[in-house]
Amino acid sequence: MGDFSGGDLIGLIPGESTPSVIAMDVLYRAPAGGNDTDLPMNTELYLYTTSGIRWHWRPTTNFTQIEVAAYTAAGSFIDGNNIAAGSLFDGLAHHVRLRIDQASGTTATYTLYVDGTSVSTDTFTTSTIVGHPYKPVISYYSDSIQAQVNPVHLGYFAVWSGTVPSVTDAVTASLGYPGETAGRRIERLCADAAVPFEARGDLDTPQAMGPQHSEPLMKLLEECVEADQGSLFEGRHDVDGVTTAPGLVYRTRYHQANQTPVVTLDFESGHVAPPLEPVDDDQSIRNDVTVKRRGGGEYRAEQLTGGLEGLAVFPYPNGIGRFETTITANLATDAQVPDLAHWVLGLGTTNEERYPKVRVDLAAPDVDAALVEDVLDVDVDDRLLVTSPQSLYLWSIDLHARGYTEVLRDAFGHSITFNCVPSSPHQTAELDNEFRSKLAPTTCQLAADVTTTATSWSVTIEPVATTTAGEYPVYVVCEGEEVRVDSVSGASSPQTFTVTRSINGVVKAHTSTTPIRLSVNSRARLAL
């Protein structure tokens, strides 16, 4: 907002020859302090029409009221009101609108809005808004300009004729659309920039944003993605059904959760081209996360439990050491900051082997036409499942495709390599769901060795599992073998699990202290 310390700012705005309504908007900030002698004596906003009528609003000399008045071309007073509006003079920015509607040939009705709320309305006689163009004037005067240390600030001055946007829309825009969801902001920014846009997921579910700042388009889009943790990418196809130019696709975080796999690849049947190699490294580990809200507070989330297996921040052997990251997010409130920090912490403490590359040879004899179609349907952040990789000592590999490389070698050579990350962080809790309504314990491991056929397991678990029969079955995994827990007995750890073995076909013996995890390890979703 500009420092308006003296003089006149005059513009000439064309308009309709016989408008029925005109409105003048401004973002206005006056210093707080009532009758402080350092306050400017007067700042007036005039609106002239070619018919000679001059409308204005201005603060009174004690800065507790606003005067709205109409004058003739000769400067004669027609009518006016003083309106109590002390909240306008609190040192903060406020949106002010003066709207004038032609009631009849000789009468006009004004409405004064402050921050979208009508604070005064009245009808003046022998006044008119007929005529164009309009000449808006911002005028400042004072008996002691040299003494001014607390000037009035004005910004986003606009005059509307005929079709006037709603005051709610004008206020929201002038304040930078605070509270707008990340998805809706991306949609609006793309529309303003004439960029074709496709939404995947409900755009009203992403995180609420703080005010939009005056920054390049890509930076504004990126901060929406940062706040919501969704995915923004260029569409492979026409995204709006009309234009031939591809545009942007936004996939919300919720839309990525709990997906049905778009494609299932059978490893033993040759659907996956070699090599399929896991990577067990620290590339994606983030166990110390700080989130700072733009213009607000901050929160730090650390992985303090689970020891080495849980990627805790402590030095070896009690953890893996600190892997720090800091995120600045444009969120609506400080209450959202801890949730975002813990969500990012969860992503960064997924202790699974990564399969960064999964290649499918679409020309391979074991890949039929139906499977080719399924593979080609996979897009960014779709879920894919690799089943039967017994040679890798696993029962399945559950992945999200973060991207892909498609290669066309010749008429008979066509392959796609998916760049993948584990899907488990996006398996989120759902009430009354057989697989996703269970939360993982802090510690769960065998308390004694078990054979390949043992159906009674002694398990060290903290906190202890419920013994209520109606809570079972629960599916767990131990060294790649999926097991169904049919019941649990014992009031303290170790407890006895009665199990059904080899649900996924994997048959193994296990030794004491081997970790046990939920088959689907669901997490709490990031709160709205």
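A quick note: this is a predicted structure, and the numbers were derived from the prediction, not measured.

Novice: For this particular structure, what's the right way to read helix H3 (residues 217-228)?
Specialist: One turn of an α-helix holds 3.6 residues; hence residues three or four places apart share an orientation. With 12 residues, H3 extends 17 Å from end C-alpha to end C-alpha; this agrees with the ideal 16 Å at 1.5 Å per step. Turning to H3, its buried residues number three or more, namely Leu220, Leu221, Glu223, Cys224, Val225, Ala227 and Asp228. Buried residues belonging to H3 abut helix H2 (182-192), strand E14 (231-234), strand E15 (248-251), helix H4 (253-256) and helix H5 (337-348). The first or second residue beyond H3 is Gln229, which carries a positive phi of 65°.

Novice: It is not clear to me how the side chain of Asp381 should be interpreted in this structure. Could you clarify?
Specialist: Here Asp381 shows up in the loop between helix H6 (369-377) and strand E21 (382-387). Under the relative-accessibility criterion, Asp381 is labelled buried at 1%. When neighbours within four sequence positions are excluded, Asp381 is seen to be in contact with Ser231, Arg251, Gln256, Gln259, His400, Ala401 and Arg402.

Novice: Please explain the nonpolar core as it appears in this structure.
Specialist: One recurring pattern in soluble globular proteins is that nonpolar side chains are buried together. Counting residues in each nonpolar core, the largest one holds 29 residues, and the members touching the most others are Tyr28, Trp57, Leu88 and Tyr110. Going through the elements one at a time, strand E3 (21-29), strand E4 (42-48), strand E5 (54-59), strand E6 (65-71), strand E7 (77-84), strand E8 (94-102), strand E9 (107-114) and strand E12 (152-161) are the ones with two or more residues in this core. Membership of the second largest hydrophobic core comes to 25 residues, among which are Ala182, Leu203, Leu220 and Val289.

Novice: Quick question: what am I supposed to make of the packing of aromatic side chains here?
Specialist: Between two aromatic rings, the relevant description is the distance of the centres plus the angle of the planes. Taken as a whole and assessed by the stated rule, the structure comprises five aromatic pairs. Ring centres of Tyr71 and Phe77 lie 5.7 Å apart, and the angle between their planes is 75°; on these two criteria the pair is classed as edge-to-face. Note on Phe77: relative accessible area 47%, which makes it partly exposed. Among the aromatic residues, those joined into a cluster by ring pairs are Tyr28, Trp57 and Phe89.

Novice: Is there a simple way to think about the pattern of salt bridges in this case?
Specialist: Opposite charge on two side chains lets them pair, provided their charged atoms get close. Following the criterion strictly, the structure yields 23 salt bridges and no others. Measuring nitrogen to oxygen at the nearest pair gives 3.7 Å for the salt bridge that ties Arg188 to Asp192. Residue Arg188 and its partner Asp192 are both found in helix H2; the two are separated by four residues, about one turn of the helix. Residue classification places Asp192 among the exposed residues on the basis of a relative accessible area of 60%. A salt bridge links Arg322 to Glu302; the shortest N-O distance between them is 2.6 Å. In this pair, Arg322 is assigned in the loop between strand E18 (298-302) and strand E19 (324-329) and Glu302 in strand E18, connecting sequence segments 20 residues apart. Judged by relative accessible area, which is 42%, Arg322 ranks as partly exposed.

Novice: Just checking my understanding: could you explain the sheet that holds E14 for this structure?
Specialist: Strand pairing in a sheet is mediated by backbone hydrogen bonds. Such pairs are either parallel or antiparallel. Ordered by their spatial adjacency, three strands build an open sheet running E13-E15-E14, and the pairing between neighbours is mixed. Across the chains shown, the open sheet's two edge strands, defined by having one partner strand only, are strand E13 (197-200) and E14. On average, adjacent strands in this sheet sit at an angle of 20° to one another, irrespective of strand direction. Here E14 runs beside E15; their pairing, made up of four bridges, is antiparallel. Looking across to E15, one finds that Glu234 is bridged to Leu248.

Novice: How should the packing of H2 against H3 be read in this particular structure?
Specialist: Each pair of packed helices can be described by the angle between their axes along with the distance between the axes. Closest axis-to-axis distance for the H2/H3 pair is 9 Å, and the angle between their directions is 165°. Between H2 and H3, the crossing angle belongs to the class labelled roughly antiparallel. In this structure, the crossing between H2 and H3 has a hand that is left-handed. Judged by residue contacts, Ala182, Arg185, Ile186, Leu189 and Cys190 of H2 engage Leu217, Leu220, Leu221, Glu223, Cys224, Val225 and Asp228 from H3. When the residues that make up the contact of H2 with H3 are grouped by side-chain class, the tally is nine nonpolar, no polar and three charged.

Novice: Sorry if this is basic, but what is going on with the pairing of strand E16 (residues 263-266) here?
Specialist: Regular strands place side chains that alternate from one sheet face to the opposite one. Every second residue of E16 is oriented toward a common face, the buried set being Val263 and Leu265 and the non-buried set Thr264 and Asp266. One ladder, built from four bridges, connects E16 with E21; its direction is parallel. If you follow Val263 over to E21, its bridge partner there is Leu384.

Novice: What is the right way to look at unusual backbone geometry in this model?
Specialist: Most peptide bonds are trans, and most residues other than glycine sit at a negative phi. Residue Pro473 is bonded to the preceding Tyr472 through a cis peptide linkage, with omega at 15°. A cis amide bond links Ser493 to the next residue, Pro494, at an omega of 0°. Relative to the elements of secondary structure, Pro494 occurs in the loop between strand E27 (481-489) and strand E28 (495-500). Notably, Tyr177 is not glycine yet its phi reads approximately 55°, a positive angle.

Novice: Got a minute to help me understand the sheet that holds E27 in this structure?
Specialist: Sheet architecture is open: six strands sit in the order E24-E25-E28-E27-E26-E29, paired in antiparallel fashion. Two strands close off the open sheet at either side, each with one partner strand: strand E24 (443-446) and strand E29 (517-518). With four bridges joining them, E24 and strand E25 (residues 456-462) adopt antiparallel strand pairing. When the bridges of E25 are listed, Leu446 appears paired with Val459.

Novice: Could you clarify how one ought to interpret the side chain of Arg188 in this entry?
Specialist: In this structure Arg188 comes out as buried when scored by relative accessible area, which is 14%. A distance of 2.5 Å separates a polar atom in the side chain of Arg188 from a polar atom in the side chain of Gln212. If sequence neighbours within four positions are ignored, Arg188 has contacts with Tyr177, Glu180 and Gln212.

Rules used in this analysis
- Residues numbered from 1 in each chain as written.
- Predicted model: local features only at pLDDT ≥ 70, side-chain atom pairs only at ≥ 80, totals over all residues.
- Heavy atoms only, no water.
- Helix = DSSP H or I, 4+ residues; strand = E, 2+ residues; numbered from the N terminus.
- Expected span 1.5 Å × (residues − 1).
- Buried < 20%, exposed > 50% of the residue type's maximum accessible area, 1.4 Å probe, protein only.
- Contact = heavy atoms within 4.5 Å.
- Core = buried A, V, L, I, M, F, W, Y, C linked by side-chain atoms within 4.5 Å.
- Phe/Tyr/Trp six-rings, centres within 6.5 Å; stacked < 30°, edge-to-face > 60°.
- Salt bridge = Lys/Arg side-chain N within 4 Å of Asp/Glu carboxyl O.
- Pairing = 2+ DSSP bridges.
- Axes fitted to C-alpha atoms, helices over the stretch in contact; angles between N-to-C directions.
- Parallel < 35°, antiparallel > 145°, perpendicular 65-115°, else oblique.
- Left-handed = near helix turned anticlockwise from the far one by under 90°.
- Nonpolar A, V, L, I, M, F, W, Y, C, P; charged D, E, K, R; others polar.
- Polar contact = N/O pair within 3.5 Å; in protein donor to acceptor, adjacent residues only side chain to side chain.

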